[in-house]
Amino acid sequence: MNDPRQKIRYCPRCGARAFETRVPRADDRPRPVCTGCGYIHYVGPVLAAGAILHDGAGRFCLVRRALDPGRGKWSFPGGFVDVDEAPPDAARREVQEETGYEAEMGSLIGAYQSRGPRNKRVVILVYEARASGDPNTTSEEVEEIKWFTQEDLPWTEFAFESSVQALREFLGRVP
Ligand SMILES: [Zn+2]
């Protein structure tokens, strides 16, 4: 089953292994529905947040990924938003973990669809952020931290198309 909407075996509410696929009332797509308790399995994208991390002088900090997806390729710092976390706080935390820098969070650049581990569907909110402090990665996801000028940005070596889209939009706004 490649459709992520259909991937479930045991009911998270009642524990039964009793799903049938049908279109629930007031819906327009088939979903797994538990015949034991009526639980309907809706799957949405997972929320992530990331930061276009810059120094205020035209340089950008990227991380080279140590893990798949996109191992060996570049990304800006980012990761999943925890359930009790505001997205800008998640982006600031990921910057800290992946680069060691403190991030002064700026405006939202946009929301982008992406793919995460095991082909998980992800929506990433991308913010602009200014870095301060010193680099020091504590993340096993990161192989290398590097600063790029706008001219050096590794456009063909990004792990995620969403990074390219967000960076292009951000750079398009800079006068
Ligand atoms: Zn159930």
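What counts, and where the lines are drawn
- Residues numbered from 1 in each chain as written.
- Predicted model: local features only at pLDDT ≥ 70, side-chain atom pairs only at ≥ 80, totals over all residues.
- Heavy atoms only, no water.
- Helix = DSSP H or I, 4+ residues; strand = E, 2+ residues; numbered from the N terminus.
- Buried < 20%, exposed > 50% of the residue type's maximum accessible area, 1.4 Å probe, protein only.
- Contact = heavy atoms within 4.5 Å.
- Areas by Shrake-Rupley, 256 points an atom, 1.4 Å probe, with all protein chains shown as cover.
- Lys, Arg positive; Asp, Glu negative; His and termini not counted.
- Charge placed at Lys NZ, Arg CZ, Asp CG, Glu CD.
- Donors = N, O, S within 2.8 Å, 3.2 Å for Na, K, Ca; no water.
- Tetrahedral: all angles 85-135°; square planar, octahedral: opposite > 155°, others 65-115°.
- Expected span 1.5 Å × (residues − 1).
- Pairing = 2+ DSSP bridges.
- Salt bridge = Lys/Arg side-chain N within 4 Å of Asp/Glu carboxyl O.

S.K.: Which residues make up the overall build of the chain, and what values go with them?
M.R.: A tally of regular secondary structure across the chain gives two helices and nine strands. Secondary structure elements in the chain, listed N-terminal to C-terminal, are β-β-β-β-β-β-α-β-β-β-α. Taken along its principal axes, the extent of the C-alpha atoms in the chain is 60 × 35 × 30 Å. The burial tally for the chain puts 40% of its 175 residues in the buried class. A fraction of 61% describes how many contacts in the chain between residues 6 or more apart in sequence connect residues 24 or more apart. With an accessible surface of roughly 10200 Å², the chain has 46% of that area assigned to carbon and sulfur atoms. Taking the average place of the 24 positive charges on the side chains of the chain and the average place of its 26 negative ones, the gap between the two points comes to 10 Å.

S.K.: Which residues make up the coordination of the zinc ion, and what are the values?
M.R.: Taken together, the protein ligands of the zinc ion are C11 (SG), C14 (SG), C34 (SG) and C37 (SG), with distances of 2.3 to 2.4 Å. Bound by four donor atoms, the zinc ion shows angles of 104 to 116° at the metal and therefore tetrahedral coordination geometry. A relative accessible area of 4% places C11 in the buried class. We classify C37 as partly exposed; its relative accessible area is 30%.

S.K.: Account for helix α2 (residues 161-173), with residues named and values stated.
M.R.: In this model, α2 (13 residues) spans 19 Å end to end at C-alpha, consistent with the 18 Å of a helix rising 1.5 Å per residue. Taken as a whole, α2 has its buried residues at S162, S163, V164, A166, L167, F170 and L171. In this structure, the buried residues of α2 make contact with β3 (46-54), β4 (59-65), β5 (74-75), β7 (102-115) and β8 (121-132).

S.K.: Lay out the pairing of β4 in plain terms, naming residues and giving numbers.
M.R.: Taken across its seven residues, β4 has five buried, putting it largely inside the fold. Hairpin geometry of β3 and β4 is characterised by an intervening segment of four residues between the two adjacent antiparallel strands and by a positive phi of about 80° at G56. Where β4 lies against β5, two bridges are found, and the strand directions are antiparallel. From the neighbouring strand, V63 faces β5, where its bridge partner is S75.

S.K.: Can you tell me about the pattern of salt bridges, naming the residues and giving the values?
M.R.: According to the stated counting rule, one finds eight salt bridges in the structure shown. In this structure, R64 engages E144 in a salt bridge whose closest nitrogen and oxygen atoms are separated by 3.0 Å. A residue pair is termed long-range when its members are at least 10 positions apart, and R64 in strand β4 and E144 in strand β9 (residues 142-149) qualify at 80 residues. Looking at E144, the relative accessible area reads 30%, which means it is partly exposed. Here R93 ties to E94 by a salt bridge, and the two come within 3.2 Å at their closest N and O atoms. By relative accessible area, R93 is classed as partly exposed at 27%. Classification of E94 by relative accessible area gives buried; the value is 6%.

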